[in-house]
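Residues per chain, in single letters:
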Amino acid sequence: MQSMKAFRSEFQPRNDDILLTSFPKTGTTWLIALCHNILSLDDDGKEEDDVLKKMNPHELAPPLDVNFLSDQVQDLLLDPGRSNSGCKIVHVARNPKDTLVSMWHFYNKILKPDGPFPVERAVESFCSGVLPWGPFYENVVGYWEESNRRPKEVLFLKYEELCRYPEEQVRKLASFMGRPFSSMEDGDAEVGKVLRYSSFNRLKELEVNKNGVWELHRLPNNTFFRKGTVGDWKSYLTPQMAERIDQLTQLKLQGTGLSLDDF
Ligand code: PAP
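What you see is a predicted model, and the numbers here were worked out from it, not measured in a lab.

(A) Focus on the sheet that holds strand β1 (residues 18-22). The three strands lie next to each other as β1-β2-β3, forming an open sheet whose pairing is parallel. The sheet is open, and its two edges are formed by β1 and β3 (154-158), each paired on a single side. Averaged over all pairs of adjacent strands, the angle between strand axes in this sheet comes to 20°, irrespective of strand direction. Here β1 pairs with strand β2 (residues 88-93) via five bridges, running parallel. Across the sheet, residue I18 finds its bridge partner in β2, namely K88. Across the face of the sheet, helix α2 (residues 28-40) comes into contact with β1, β2 and β3 while running at roughly 160° to β1.

(B) A look at the pattern of salt bridges. For the structure shown, the criterion picks out 13 salt bridges. The salt bridge involving E205 is made with K210; its shortest N-O contact spans 3.3 Å. The residue D232 makes a salt bridge to R226 at a minimum N-O spacing of 2.8 Å. Residue classification places R226 among the partly exposed residues on the basis of a relative accessible area of 30%. One continuous salt-bridge network, built from bridges that share partners, spans E146, R149, R150 and E153.

(C) Examining the layout of surface pockets more closely. Here the second largest pocket is characterised by a volume of approximately 260 Å³. Lining the second largest pocket are 13 residues, and of these W104, Y107, F117, A122 and P132 lie nearest its centre. At the level of elements, α5 (96-111) and α6 (119-128) are the ones that each hand at least two residues to the lining of the second largest pocket. No other element matches α5, which puts six residues into the lining of the second largest pocket.

(D) Up close: the environment of C127. Positionally, C127 belongs in helix α6. Judged by relative accessible area, C127 falls into the buried class, the value being 16%. In this structure, the C-alpha to C-alpha distance between C127 and L248, residues 121 residues apart in sequence, is 7.3 Å. Filtering out sequence-adjacent residues up to four positions away, C127 remains in contact with R244, I245 and L248.

What counts, and at which threshold
- Residues numbered from 1 in each chain as written.
- Predicted model: local features only at pLDDT ≥ 70, side-chain atom pairs only at ≥ 80, totals over all residues.
- Heavy atoms only, no water.
- Pairing = 2+ DSSP bridges.
- Helix = DSSP H or I, 4+ residues; strand = E, 2+ residues; numbered from the N terminus.
- Axes fitted to C-alpha atoms, helices over the stretch in contact; angles between N-to-C directions.
- Contact = heavy atoms within 4.5 Å.
- Salt bridge = Lys/Arg side-chain N within 4 Å of Asp/Glu carboxyl O.
- Buried < 20%, exposed > 50% of the residue type's maximum accessible area, 1.4 Å probe, protein only.
- 1 Å grid on protein atoms, 1.4 Å probe; cavity = no way out; pocket = protein on both sides within 12 Å on 5 of 7 lines; lining within 4 Å.
- Points joined across faces, edges and corners; volume = space filled by probe spheres on them.

Written out as structure tokens, the structure reads:
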């Protein structure tokens with residue numbers, strides 16, 4: 001909370017900053033990798049030079065809300081070049097049932113309790129909004145509404161659309177970041193490279209993500225790569241649980257124009 005308060009009162013973005021925002025487990029790791037690879041295209045680097053081979057994507061974009069007071073991001077406070085205008089925000093959202101199941105797996109793994117946390121309690125906690133990083137729906141609707149109000153400054157992406165229309169979505173992301181791809185063949189090749197370098201299968205199999213640890217949080221990097229699919233909730237939630245979440249989703253998103261489907 002201290003870090004969050006300090007962030008809210010003191011952080012001044014630079015005009016060319018791009019802030020990545022998300023509710024946990026909605027595609028943050030993927031989004032960081034995609035943005036990194038879009039920005040790295042100019043370097044014309046070879047695969048062996050890719051820093052993602054040495055670092056978990058999170059190390060490239062430290063989480064400001066948690067670590068604002070840590071040494072790693074302290075320098076952001078001291079940069080006189082920062083002004084409070086013009087920065088861009090990219091938000092990634094995901095359907096609530098996969099988000100919940102992904103979070104449940106994550107905490108079961110890192111907290112190492114005697115047995116898995118009962119899924120019924122995870123559903124209860126999700127539906128009541130009492131969970132790490134607070135209520136899911138208020139978070140996502142806030143970014144959705146802001147993206148409608150300020151489309152040039154706030155881009156709203158969905159995990160499911162990234163899975164289903166990867167080329168289109170990466171082009172949209174790159175244009176928003178001010179690095180549009182050409183519509184010619186070389187542009188298609190670059191989009192393909194960004195997607196390949198950021199892909200779940202590639203990142204999961206990198207040595208750094210198999211056996212490395214993110215020192216800042218002392219978390220094994222492999223906790224960020226589980227299944228990487230849409231609809232895995234079906235293996236864990238009963239039809240009753242799914243129905244409860246669907247009803248809540250309908251209620252919370254009513255009138256917003258936002259849908260969070262697991263198509
Ligand atoms: P975080 O909040 O801890 O950063 P985040 O990256 O937002 O987690 O979400 C993790 C989910 O994204 C995991 O989903 P799953 O549990 O349903 O499998 C993880 O597997 C998935 N993920 C990580 N990297 C990628 C990627 N490159 N492409 C697609 N999905 C990914």
